[in-house]
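Coordinates in review
The lines below spell out each chain.
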Amino acid sequence: MNKKKTYIGIAIIVLIFGIVVIPKIIDRVMRGEVVKNDRLNVAELDTVDDSNAELSYININGKDRKVPHFEFVNQNGDTITEDSYKGKVFLVEFFFTRCPTICIPMNKNLVLIQDEFKDDANFGIASFSIDPEYDQPQILKEYADQYGVTDPDWNLMTGEREKIYELANVGFNLLAQENPEIDGNFQHSGLFALVDQNGFIRSRKDDFGNPLIYYRGFIPQGTPKTDGEETSQIDILIEDIHKLLNKNKKE
């Protein structure tokens, strides 16, 4: 008799589960909510956590990564080092003036960011040429004038090739190399690095709690576009620059 009651109880529970719970699961599946937190769901690369959250430090081998030492010459013939940005929030990119592809939207986006912070002396940009033999100061100056570079703390730099490539590939872990098989003969990352006023590389986290590390400076060819998508990561970056600058003012 006890067994019979047990079976009846189990049957009632199963029936309730089938009537109440299963339709809800089916409804969530139809709306895509069940896989919302799946790491394989990468349809929206620009999805990130609350913009008010603390920006992450980029930890490598147990240490927060800082901008390594560099010493190059800018478009005005001045020597620039990492100390030139001491106390400033700044962006880092690698580019070259003869680039026929991603450098064009990257630097147009940087001009937008420059204009956003034109009244803030604590913001700057560091652009390193990966074609330093051609990109001498005069060439960089002409390029800066062409794109509308007006920020005195936006330095377009040239120098020894080996040191620039070491800074890119080792210092920032951002690809920079010669590649005669592509347009322009050079290949490089289309990402921007955000550096705080103490020289640490910072970023916000994605929905899974992982640092973005770098910010996309352009839309890759072939990526489906929607309204506002091309500037979404730039908007995110602008928010995070404001966050660092405002924190600096409070301190």
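Coordinates for the structure precede this section.
First, a word on what this report is: a plain description of the structure on this page.

The rules behind each value
- Residues numbered from 1 in each chain as written.
- Predicted model: local features only at pLDDT ≥ 70, side-chain atom pairs only at ≥ 80, totals over all residues.
- Heavy atoms only, no water.
- Helix = DSSP H or I, 4+ residues; strand = E, 2+ residues; numbered from the N terminus.
- Buried < 20%, exposed > 50% of the residue type's maximum accessible area, 1.4 Å probe, protein only.
- Contact = heavy atoms within 4.5 Å.
- Areas by Shrake-Rupley, 256 points an atom, 1.4 Å probe, with all protein chains shown as cover.
- Polar contact = N/O pair within 3.5 Å; in protein donor to acceptor, adjacent residues only side chain to side chain.
- Arc of directions from axis to C-beta.
- Salt bridge = Lys/Arg side-chain N within 4 Å of Asp/Glu carboxyl O.
- Core = buried A, V, L, I, M, F, W, Y, C linked by side-chain atoms within 4.5 Å.
- Phe/Tyr/Trp six-rings, centres within 6.5 Å; stacked < 30°, edge-to-face > 60°.
- Lys NZ or Arg CZ within 6 Å of the ring centre and 35° of its normal.

Scanning the protein from N- to C-terminus turns up five helices and 13 strands. Within the span of the protein, comprising 251 residues, buried residues form 41% of the whole. Expressed as a percentage of contacts within the protein between residues at least 6 apart in sequence, the contacts between residues at least 24 apart total 74%. Counting only carbon and sulfur atoms, one obtains 53% of the accessible surface of the protein, whose full area is about 14500 Å².

The next subject is the environment of Arg216. Its location among the elements puts Arg216 in strand 13 (residues 215-216). Given a relative accessible area of 14%, Arg216 falls into the buried group. Between the C-alpha atom of Arg216 and that of Gly190, which follows or precedes it by 26 residues, the distance is 6.3 Å. A polar contact is formed between the side chain of Arg216 and the backbone oxygen of Phe218, at a distance of 3.3 Å.

Moving on, we come to helix 3 (residues 137-147). Buried within helix 3 are the following residues: Leu140, Tyr143, Ala144 and Tyr147. All buried residues of helix 3 lie within an arc of 100° about the axis, which places them on one face of the element. Turned more than 90 degrees off the buried face of helix 3, the exposed positions are Gln138, Asp145 and Gln146. Lining the buried residues of helix 3 we find strand 6 (89-95), helix 2 (103-116) and strand 8 (154-157). Just downstream of helix 3 lies Gly148, where phi reads positive at about 85°.

Further remarks concern the pattern of salt bridges. In this structure the tally under the stated criterion is 10 salt bridges. With a closest N to O distance of 2.8 Å, Glu133 and Arg161 form a salt bridge. Linking Glu133 in the loop between strand 7 (123-129) and helix 3 with Arg161 in helix 4 (residues 161-171), this pair joins segments that are 28 residues apart in sequence. Classification of Glu133 as partly exposed rests on a relative accessible area of 47%. Of the charged contacts, one joins Lys243 and Asp240 as a salt bridge, the two residues approaching to 3.5 Å between their closest N and O atoms. Placement of both Lys243 and Asp240 in helix 5 (residues 229-250) is noted, with a separation of three residues, approximately one turn of the helix. Judged by its relative accessible area of 21%, Lys243 is partly exposed.

Next up on the list: the nonpolar core. Ranked by internal contacts, the top residues of the largest apolar core, which has 58 residues, are Ile113, Phe128, Phe172 and Ile241. Those elements that place two or more of their residues in this core are strand 6, helix 2, strand 7, helix 3, strand 8, helix 4, strand 11 (191-195) and helix 5. Broken down by element, the residue count for this core peaks at seven residues, all from helix 5. Not counting the four nearest positions on each side in its chain, Phe172 is found in contact with Arg65, Val67, Pro68, Val92, Phe94, Leu167, Ala193, Ile201 and Tyr214.

Its identity as a non-glycine residue notwithstanding, Asn173 has a phi of 55°, on the positive side. Among the secondary structure elements, Asn173 is positioned in the loop between helix 4 and strand 9 (176-178). Phi angles above zero are rare outside glycine, and Ile213 is one such case at about 70°. By relative accessible area, which is 33% here, Ile213 ends up partly exposed.

Using the criterion set out here, one finds 10 aromatic pairs in the structure. Ring centres of Phe94 and Phe172 lie 6.0 Å apart, and the angle between their planes is 65°; this geometry places the pair in the edge-to-face category. Separated by 78 residues along the polypeptide, Phe94 in strand 6 and Phe172 in the loop between helix 4 and strand 9 bring together distant segments of the chain. With respect to burial, Phe94 and Phe172 carry one shared label: buried. Linked through ring pairs, Phe70, Phe72, Phe94, Phe128 and Phe172 together constitute an aromatic cluster. The ring of Phe200 is capped by Lys66, whose NZ or CZ atom sits 4.9 Å from the centre of that ring.

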